[in-house]
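Each chain, written out:
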Amino acid sequence: RYHQRMDLSAYPHSPGGFDPMLVVSMLNLFDRIRPNFDAWEYAEQVLAPDGFRFERYGHEQPGGFLSPVHAVGEKMIDAAWGWHDKPVGDGFGHVVHAWAAVGRPLIGHAEHYRGKLAEPFWQDGVTCLDLGARPLGDTVQMIRDCTPARHSEMCRNIRSEFERIVDYDTEAEMIGSFLGIH
């Protein structure tokens with residue numbers, strides 16, 4: 001098993017400099033994923049009066065496509081949270097790995113990644129807020145009540161998980177050895 005290489009210069013670790021009121025989704029067609037998108041709409045409705053902003057990017061999303069790839073990384077760095085609630089896919093997830101690389105905690109259902117490469121990023125209360133772990137209203141309250149210290153800890157935790165499981169150079173050597181390339 002190996003991780004598809006990403007240009008980490010586009011997704012640099014950024015422990016600070018984010019907008020604590022910004023929640024971002026980078027999922028294509030996210031508004032078509034029901035009931036997952038319903039949770040997004042509920043959170044936006046409840047948290048917007050407190051000053052939270054919710055932005056969506058990708059195919060057929062209000063923010064459209066961000067280009068070049070560095071613009072995606074910059075938006076992730078700007079965000080406090082990466083809302084990534086995608087029930088389909090192989091579990092490698094360039095987007096979910098990019099959120100971990102920049103060091104932003106996730107919001108979504110951890111069960112979607114169980115047994116997949118991105119599973120280590122889905123530790124409720126450590127690296128993410130798992131929408132399947134409690135009633136939605138409680139998770140939304142956790143977003144509202146998250147202290148700067150707690151959020152910083154979650155940012156460090158998800159980045160640490162990325163560093164623990166992704167080592168492109170070692171993986172390239174293993175693949176080269178397997179293929180007989182020296």
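Attention in this report is confined to the structure presented alongside it. (Residues numbered from 1 in each chain as written. Predicted model: local features only at pLDDT ≥ 70, side-chain atom pairs only at ≥ 80, totals over all residues. Heavy atoms only, no water.)

## A closer look at the environment of P49
Which entries qualify depends on this criterion: Here a strand is any run of E in DSSP of at least two residues, a helix any run of H or I of at least four, and the numbering for each starts at the N terminus. Relative accessibility decides the category of a residue: with a 1.4 Å probe and only protein chains considered, values under 20% of the type maximum give buried, values over 50% give exposed, and everything between is partly exposed.
Looking at the element boundaries, P49 is found in the loop between α1 (36-47) and β2 (53-56). Overall, P49 belongs to the exposed group, its relative accessible area being 68%. Through-space distance from the C-alpha of P49 to that of P62 is 20 Å; in sequence the pair is 13 residues apart.

## Focus: the pairing of β2
The condition is simple: Here the rule is simple: two strands pair whenever DSSP picks up at least two bridges between them.
Bridge count for strand β1 (residues 22-25) against β2 is 4 bridges, and the pairing is parallel. Looking across to β2, one finds that V23 is bridged to F54.

## Let's talk about unusual backbone geometry
A cis geometry characterises the amide bond from R34 onward to P35, with omega recorded as 5 degrees. Relative to the helices and strands, P35 is located in the loop between β1 and α1. In this chain, S67 is followed by P68 through a cis amide linkage whose omega measures 0 degrees. With respect to the secondary-structure elements, P68 resides in the loop between β2 and α2 (69-78). A positive phi is found at L29, a non-glycine position, where the angle reads about 55 degrees.

## Some details on the pattern of salt bridges
Our working definition: Put simply, a salt bridge is a Lys or Arg side-chain nitrogen that is within 4 Å of an Asp or Glu carboxyl oxygen.
Tallied over the full model, the rule gives 12 salt bridges. The shortest N-O distance in the salt bridge between R134 and D124 comes to 2.2 Å. Of this pair, R134 sits in the loop between β5 (128-130) and α4 (136-145) while D124 sits in the loop between β4 (106-108) and β5; the two residues are 10 residues apart in sequence, bridging distant segments of the chain. Between E163 and R159 there is a salt bridge whose closest N-O contact spans 2.9 Å. With E163 and R159 both in helix α5 (residues 148-165), this residue pair falls 4 residues apart, about one helical turn. Here the salt bridges do not stand alone but share partners, grouping D19, R53, E55 and K75 into one network.

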